[in-house]
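What follows is the residue order along each chain.
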Amino acid sequence: MDDLIARAADVLRQTKRLVVLTGAGMSKESGIPTFREAQEGLWARYDPMKLATREGFLADPKLVWEWYQYRFGLVAACKPHAGHYAVAELERLLPHVVVVTQNIDGLHLAAGSRDVVELHGSIHRYKCLYGHRGYTLADLAGQTEVPPRCPRPGCHGLMRPDVVWFGEFLDQEVLGRATAESQACDAMLIVGTSGVVQPAAGLPYYAWRRRAAIIEVNPVPSELTDLAEIYLQGPAGEVLPRLAALVAQGPTAGREEKKGN
Ligand code: BV8
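All of these numbers come straight from a predicted model, not from anything done at the bench.

**A closer look at the environment of Ser-122**
Residue position: Ser-122 is located in strand β4 (residues 121-128). Relative accessible area serves as the criterion here: at 2%, Ser-122 is assigned to the buried category. Distance in space between the C-alpha atoms of Ser-122 and Gly-106 is 6.7 Å, their sequence separation being 16 residues. Once residues lying within four places of it in the same chain are set aside, the contact partners of Ser-122 are Ile-104, Asp-162 and Val-163. Reaching out from Ser-122, the side chain makes a polar contact with the backbone nitrogen of His-124 at a distance of 3.0 Å.

**Observations regarding the packing of aromatic side chains**
Scanning all chains against the criterion turns up 4 aromatic pairs. Seen in terms of ring centroids, Phe-57 and Trp-165 are 5.4 Å apart; in terms of plane orientation they differ by 35°. Their pairing is tilted. You can see Phe-57 sitting in helix α4 (residues 54-59) and its partner Trp-165 sitting in the loop between β5 (159-163) and α9 (172-184), a full 108 residues away along the chain. Given a relative accessible area of 0%, Phe-57 falls into the buried group. Centre to centre, the rings of Trp-67 and Tyr-68 are 4.9 Å apart; their planes meet at 70°, and the pair counts as edge-to-face. Tyr-68 matches Trp-67 in its accessibility class, with the two residues each being buried. One aromatic cluster is present, formed by Phe-57, Trp-67, Tyr-68 and Trp-165 through successive ring pairs. Note that Arg-160 overlies the ring of Trp-165, its terminal NZ or CZ placed 3.7 Å from the centroid.

**Quick word on unusual backbone geometry**
Omega for the peptide link from Val-146 to Pro-147 comes to -10°, which places this bond in the cis form. Pro-199 follows Gln-198 through a cis peptide bond whose omega is 0°. Position of Pro-199 among the secondary structure elements: in the loop between β6 (187-191) and α10 (203-209). Positive phi is not limited to glycine here, since His-156 has a value of about 70°. With respect to the helices and strands, His-156 occurs in the loop between α8 (137-140) and β5. Positive phi, close to 60°, is recorded for Arg-211, a residue that is not glycine. With respect to the helices and strands, Arg-211 occurs in the loop between α10 and β7 (213-217). On the basis of relative accessible area, Arg-211 is assigned to the exposed category, the value being 74%.

**A few points about the pairing of β4**
Residues in a regular strand project their side chains so that they alternate between the two faces of the sheet. Counted residue by residue, β4 has 6 buried out of 8 residues, so it is predominantly covered. Sheet topology note: the β4/β5 ladder contains 5 bridges and is antiparallel. If you follow Gly-121 over to β5, its bridge partner there is Val-163.

Thresholds, definitions, all that
- Residues numbered from 1 in each chain as written.
- Predicted model: local features only at pLDDT ≥ 70, side-chain atom pairs only at ≥ 80, totals over all residues.
- Heavy atoms only, no water.
- Helix = DSSP H or I, 4+ residues; strand = E, 2+ residues; numbered from the N terminus.
- Buried < 20%, exposed > 50% of the residue type's maximum accessible area, 1.4 Å probe, protein only.
- Contact = heavy atoms within 4.5 Å.
- Polar contact = N/O pair within 3.5 Å; in protein donor to acceptor, adjacent residues only side chain to side chain.
- Phe/Tyr/Trp six-rings, centres within 6.5 Å; stacked < 30°, edge-to-face > 60°.
- Lys NZ or Arg CZ within 6 Å of the ring centre and 35° of its normal.
- Pairing = 2+ DSSP bridges.

As structure tokens, this is what we get:
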């Protein structure tokens, strides 16, 4: 593994435009179960794939709202781990780094990454069924109804998390940015995703088609491992800090340029 990480660091040092594509495995070591892991406790008998849908919400708004409040509580109790900080460090070391995450937990932003594309939205943001968005739970505090109602005068629509559910289209601007960065990158670092959920899992193919270097970090091979030039088989919290430390030790394509401007 040491020589593979060293090789990956060499690739990243010469990278001018890096996309870091992350999935639920990126947050595992922060204590957030991955989407496919069995749900805990009272949620064990529910299928997340059914709860994370508009139909599931309309069928039982209170149940789905409470599921997200349970998950919000999990996220609120968690902190970024060394892997998140390593990704933020790569953004400081290299000329152009964009984090494209499938996660809704906000941990990349909390770790200091600045250019983060949240493909599936955020559990920290709320909107109503009629699309009035930009609210936080604090804006809804004091309402006793579950789910709460839209604070916008005259609306009163049911509130929901501002996330992308299965069967819902991603925000076109967000997906457009993620696609453009994947089409323009010269390296893509894929961390902690099974590569199943579309259209996120299609992004690495844009990088692959333009012969970008693809590096994957995952303890288990995924649907995307065959695309990887370098597969680092291990957990994000262990591999990424080693990778970032090696990148920091040598000259990078961008550091001189960054000093220049
Ligand atoms: C869309 C937000 C157009 C919500 C999420 C039939 C009907 C309807 C749609 C479809 C259909 N068939 C296919 C589709 C498309 C569907 C889809 O992809 N389905 C899959 C199941 C086949 N996609 C959609 O619906 C998307 N919209 O396509 O619109 C459309 C419209 C109508 C009809 C058709 C198409 C919207 C997808 C977004 C869904 N929302 N999240 C919420 O979170 O509550 S997705 C959700 O699941 C997560 O955000 C995440 O993206 C995904 C889970 O995937 P991963 O992140 O990869 O996590 P996973 O658990 O799978 O894997 C974890 C990995 O980590 C593993 O590889 C593991 O080995 C690794 N790991 C573990 N520990 C570590 C680690 N790695 C590193 N370190 C560790 N320590």
